[in-house]
There are 2 protein chains.
Amino acid sequence: MLPGNRVGRYTIVLPNRPEICSTSTVVGPQEAQGPLAGDFEVRKTDRLLGQSSWEHAESHMLQEATGNAIRKAGLKPEDIDLLFCGDLLDQITPSSFTARELYVPFVGLYGACSTMAEALALGSVFIDGGYARYALAAASSHHDSAERQYRYPTEFGAQAVPSAQWTVTGAGAALLTSGGETPRPCPAVTHVTFGRVVDLGVKDSSDMGSAMAPAAVQTILQHFEDLGVDADHYDVVATGDLAAVGHEIASVLLAEGGLKLGGRFVDCGLLIYDRQQQDVKAGGSGCGCSGVVFCGHFMRRLLQGQIGRMLLVSTGALLSPTTYQQGDTIPCIAHAVAVEGPSAAGGHRR
Amino acid sequence: MLPGNRVGRYTIVLPNRPEICSTSTVVGPQEAQGPLAGDFEVRKTDRLLGQSSWEHAESHMLQEATGNAIRKAGLKPEDIDLLFCGDLLDQITPSSFTARELYVPFVGLYGACSTMAEALALGSVFIDGGYARYALAAASSHHDSAERQYRYPTEFGAQAVPSAQWTVTGAGAALLTSGGETPRPCPAVTHVTFGRVVDLGVKDSSDMGSAMAPAAVQTILQHFEDLGVDADHYDVVATGDLAAVGHEIASVLLAEGGLKLGGRFVDCGLLIYDRQQQDVKAGGSGCGCSGVVFCGHFMRRLLQGQIGRMLLVSTGALLSPTTYQQGDTIPCIAHAVAVEGPSAAGGHRR
């Protein structure tokens, strides 16, 4: 009886354990000065990347990250069966321009800052079911292109409130394939949980951490309930970009829900910057935030064995400037992707 | 050896033949006066639908279409495993608001007017592989919300050039499940071909038919090549919204490519309006165009046996007002979904 590949009500099991055989990251100058700088592959010193606009700079970063991920796997663009990709800009044009350059079948996504997990989840399912041999999952954001689209003209230099977040300038790409295709053991995606939209009525686009925290908590609690595992099942549970305000709220809500993750519970938006040294207010945000922190920082640790199993929970605030100006509240979502390093107990190719 | 479920280079085979067990459509007044009026389930007489803005009206239509598709299948929202949905507005807010009301796992898509096929293709793969029991695919657009976002303030009443298209006010939803779950035979999705981005340099956002035609042709030729079938394999090959200009270009390019579809080759954007009686310039466009024409018009004919096999090829122009103003060309895409009616030779539950 279908559906065969599910556990609990909302979680998909991937019995064929699709593997992440290559990742690549490109970041901007602010990220290159942060504590994770050494985990990023390409570090730009110029926010414009020599392009004529920030929008073009973002497209350029995404093209570089996806191209590098393909090349590092010893492949060419024509080997890729599907590109799952999205970003924050209207009509996700950086992703479309990247798909045009790669010239591979393209599934355009919009999940705001949840996009990296959304893309990884979709790509993993396609690999698991044998619907693709190589799938590329990618996401990008750029501080300056996002700032002027969502808030104020970037050159205006509007002051940010303490709960505001700094959009990460970065692009992350991850190449997925089946275990049998990889020359050496790679981190495997074992489960994915697509999130439901939660909206508790927050209207302040300068406080997206508060808006997104309940969606993250719902997906995390659902995932643990579906798997029937305890708080110590994962070495790391990493949200995308709750930042300081949202992370604190989520920690309280998780504990109220009976899940005490302690130091295992981290946030990509808090890891990527040094908030004492860098003026990023509550921390990082943007599709590129969990994109580069997962593809750079966490992938390195999964490969090195410092992390056995982790849950990536990219978080997205699904507002638009129009809905914000029309007084609507902010719907939020979080998708979860469980990844197991080759060293994990019960890991690769049992 | 993976991948098992593919034919040719770019086409995915769905051996378990996921079925479209229910569809629903909601259209606006212009569409309700067109030649397909009788094929649409809910016909609105007011473009605002009693809402405070066109954006809210579009969200409302999408909620009504998705809710009706679920109810008509005898299901409740909590039975739905995944909603694949997108629209034309910045950050696809009508889709997110719909996902919030349905409260089901949500995969947000952006494929411009290719969204209906993109959603159907993804949903079909998830059903085929047993990753979901019920998947809902949906898309919407609204003339007035699109007009002011992409072109001019709607109230300004800018004159349109003859090659311009009229964005369809409409929402379509299709519920997918495995054949074993449906009480009676339903149209089945047999193959999907995700498109590659084609950009031949068109910059005119008032001539999207010319921009999209080459992408549609590429996907159609690729699909026929992958399957190794002749021009008479499908009773209907329906593009999404090439309209008058794009349809003529595509017909020529297909013939040059050796595929003479003749009267089988139709376009949803031409079918939905009477261009002699209605001032829609080249014809219809928008995610809702192939959304309502497929879910309303073609589904009825597939069920009634007037169509045995058809190929839906929704077409999308992946521009944004920003990229347009920055002088970029228009990347385009087309996704193809092959659907077989219960009466087709070699059809349901062989």
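Residues numbered from 1 in each chain as written. Chains lettered and ligands numbered in written order. Predicted model: local features only at pLDDT ≥ 70, side-chain atom pairs only at ≥ 80, totals over all residues. Heavy atoms only, no water.

**A closer look at the overall build of chain A**
If you tally the helices and strands in chain A, you get ten helices and 15 strands. Relative to the globule expectation of 20 Å for 350 residues, the C-alpha radius of gyration of chain A, 18 Å, shows essentially globular dimensions. Projected onto the principal axes, the alpha-carbon positions of chain A cover approximately 55 × 45 × 35 Å. Here chain A, with 350 residues, has 69% of them falling under the buried criterion. Long-range contacts, defined as pairs at least 24 residues apart, comprise 78% of the intrachain contacts of chain A with a sequence gap of at least 6. Accessible area of chain A: about 11,200 Å², with a carbon and sulfur share of 48%. A distance of 6 Å separates the average location of the 25 positive side-chain charges in chain A from that of its 36 negative side-chain charges. (Helix = DSSP H or I, 4+ residues; strand = E, 2+ residues; numbered from the N terminus. Rg over C-alpha atoms; globule rule 2.2 N^0.38 Å. Buried < 20%, exposed > 50% of the residue type's maximum accessible area, 1.4 Å probe, protein only. Contact = heavy atoms within 4.5 Å. Areas by Shrake-Rupley, 256 points an atom, 1.4 Å probe, with all protein chains shown as cover. Lys, Arg positive; Asp, Glu negative; His and termini not counted. Charge placed at Lys NZ, Arg CZ, Asp CG, Glu CD.)

**As for the side chain of B:Ser22**
Residues and elements named next belong to chain B. Along the chain, Ser22 falls in strand E3 (residues 19-27). From its side chain, Ser22 meets the backbone oxygen of Ala69 in a polar contact 2.6 Å long. Residues contacting Ser22, with those up to four places away along its chain left out, are Ala69, Lys72, Ala73, Ala173, Ala174 and Leu175. (Polar contact = N/O pair within 3.5 Å; in protein donor to acceptor, adjacent residues only side chain to side chain.)

**Re the interface of chain B and chain A**
Taken together, the 73 residues of chain B in the interface contact 73 residues of chain A. Buried area between chain B and chain A, both sides added, is near 5,500 Å², and the carbon and sulfur share of it is 58%. At the boundary of chain B with chain A, the tally comes to 40 residue pairs in polar contact (both at pLDDT 80 or more). Here the side of chain B that touches chain A takes six residues from helix H4 (residues 115-128) of chain B, the largest share from any one element. (Buried area = accessible area lost by both parts, 1.4 Å probe.)

**Brief notes about the nonpolar core**
Counting 172 residues, the largest nonpolar core has A:Phe126, A:Phe294, B:Phe126 and B:Phe294 as its most contacted members. Sequence-distant contacts of A:Phe126, defined by excluding residues within four places in its chain, comprise A:Leu82, A:Phe84, A:Tyr131, A:Ala132, B:Ile12, B:Leu122, B:Val125, B:Phe126 and B:Phe194. (Core = buried A, V, L, I, M, F, W, Y, C linked by side-chain atoms within 4.5 Å.)

**Section: the pattern of salt bridges**
For the coordinates displayed, the defined rule picks out 28 salt bridges over all chains. A salt bridge links B:Arg17 to B:Glu340, with the nearest nitrogen and oxygen atoms 3.0 Å apart. Of this pair, B:Arg17 sits in the loop between strand E2 (11-13) and E3 while B:Glu340 sits in strand E15 (residues 332-340), placing them 323 residues apart in sequence. One exposure class covers both B:Arg17 and B:Glu340, and it is buried. Look at the salt bridges and you will find they share partners, linking A:Arg6, A:Arg9 and B:Asp81 into a network. (Salt bridge = Lys/Arg side-chain N within 4 Å of Asp/Glu carboxyl O.)

**Comments concerning the packing of aromatic side chains**
A full pass over the atoms with the stated rule returns ten aromatic pairs over all chains. Ring centres of A:Phe194 and B:Phe126 lie 5.9 Å apart, and the angle between their planes is 65°; this geometry places the pair in the edge-to-face category. Of the two residues, A:Phe194 is situated in the loop between strand E10 (188-193) and helix H6 (208-227) and B:Phe126 in helix H4; the pairing between them involves two chains. Owing to a relative accessible area of 0%, B:Phe126 belongs among the buried residues under this scheme. Judged by centre distance (6.0 Å) and plane angle (50°), the rings of B:Tyr152 and B:Phe156 are tilted. Among the residues examined, B:Tyr152 registers a relative accessible area of 45% and is labelled partly exposed. B:Phe156 sits in the exposed class, given a relative accessible area of 57%. Against the face of B:Tyr10 rests B:Arg9, its NZ or CZ located 4.7 Å from the ring centre. (Phe/Tyr/Trp six-rings, centres within 6.5 Å; stacked < 30°, edge-to-face > 60°. Lys NZ or Arg CZ within 6 Å of the ring centre and 35° of its normal.)

**Considering the side chain of B:His247**
Residues and elements named next belong to chain B. For His247, the position within the fold is in helix H7 (residues 243-256). Accessibility expressed as a relative area gives 16% for His247, which makes it buried. Discounting chain neighbours no more than four positions away, the residues touching His247 are Leu242, Phe265, Val266, Asp267 and Leu270.

**Notes on the relation of the copies chain B and chain A**
Taken as rigid bodies, chain B and chain A are interconverted by a rotation of 180° and an axial shift of 0.0 Å, the fit giving an RMSD of 0.0 Å. Such a turn and shift between the copies fits a two-fold axis. Closest to the rotation axis within chain B is the C-alpha of B:Leu109, separated from it by 2.1 Å. Looking at the interface residues of chain B, 100% of them are also at the interface in chain A, so both copies use one shared face. (Least-squares fit on C-alpha atoms with pLDDT ≥ 70 in both.)

**Focus on the packing of helix H2 (residues 54-72) of chain B against helix H5 (residues 143-150) of chain B**
All names here are of chain B. Direction vectors running N to C along H2 and H5 enclose 135°, while the axes themselves pass 8 Å from each other. Between H2 and H5, the angle is such that the two are oblique. Where H2 crosses over H5, the handedness of that crossing is left-handed. Along its contact with H2, which presents Trp54, Glu55 and Glu58, the element H5 presents Asp144, Ser145 and Arg148. Of the residues belonging to the contact of H2 with H5, the class tally is one nonpolar, one polar and four charged. (Axes fitted to C-alpha atoms, helices over the stretch in contact; angles between N-to-C directions. Parallel < 35°, antiparallel > 145°, perpendicular 65-115°, else oblique. Left-handed = near helix turned anticlockwise from the far one by under 90°. Nonpolar A, V, L, I, M, F, W, Y, C, P; charged D, E, K, R; others polar.)

**As for unusual backbone geometry**
Residue and element names in this part refer to chain B. In this model, Gln91 sits at a positive phi of 60°, which is unusual for a non-glycine residue. Among the structural elements, Gln91 can be located in the loop between strand E5 (82-87) and helix H3 (93-102). The exposure class of Gln91 is buried, given its relative accessible area of 3%. The backbone of Ala112 sits at a positive phi, close to 50°, despite the residue not being glycine. Here Ala112 shows up in the loop between strand E6 (106-109) and H4. Residue class for Ala112 comes out buried when judged on its relative accessible area of 1%.

**Regarding the confidence of the model for chain A**
With 97% of its residues at a pLDDT of at least 70, chain A reaches an overall mean of 95. This complex was scored by the predictor with a pTM of 0.97 and an ipTM of 0.97. (pLDDT = per-residue confidence, 0-100.)

**Regarding helix H3 (residues 93-102) of chain A**
H3(A) sits mainly inside the fold: eight of its ten residues count as buried. If you check which residues of H3(A) are buried, you get A:Thr93, A:Pro94, A:Ser95, A:Ser96, A:Phe97, A:Thr98, A:Ala99 and A:Leu102. Packed against the buried residues of H3(A) are helix H2 (54-72), strand E5 (82-87), strand E6 (106-109) and strand E7 (134-141) of chain A together with helix H10 (321-325) of chain B. Looking at the residues trailing H3(A), positive phi occurs at A:Tyr103, about 60°.

**Side note on the pairing of E10(A)**
All names here are of chain A. Counting buried positions along E10 gives six out of six residues, so the element sits mostly inside the fold. As defined by bridge partners, strand E2 (residues 11-13) adjoins E10 across three bridges and the pair is classed as antiparallel. Along E10, the bridge assignment pairs Ile12 with Val192. For E10 and strand E15 (residues 332-340), the ladder comprises five bridges, and the chain directions are antiparallel. Bridged to Val189 within E15 is Val339. (Pairing = 2+ DSSP bridges.)

**Remarks on the environment of A:Ser343**
You can see A:Ser343 is positioned in the segment after E15. Beyond its immediate stretch of four places on either side in the chain, A:Ser343 contacts A:Gly305 and A:Ile307.

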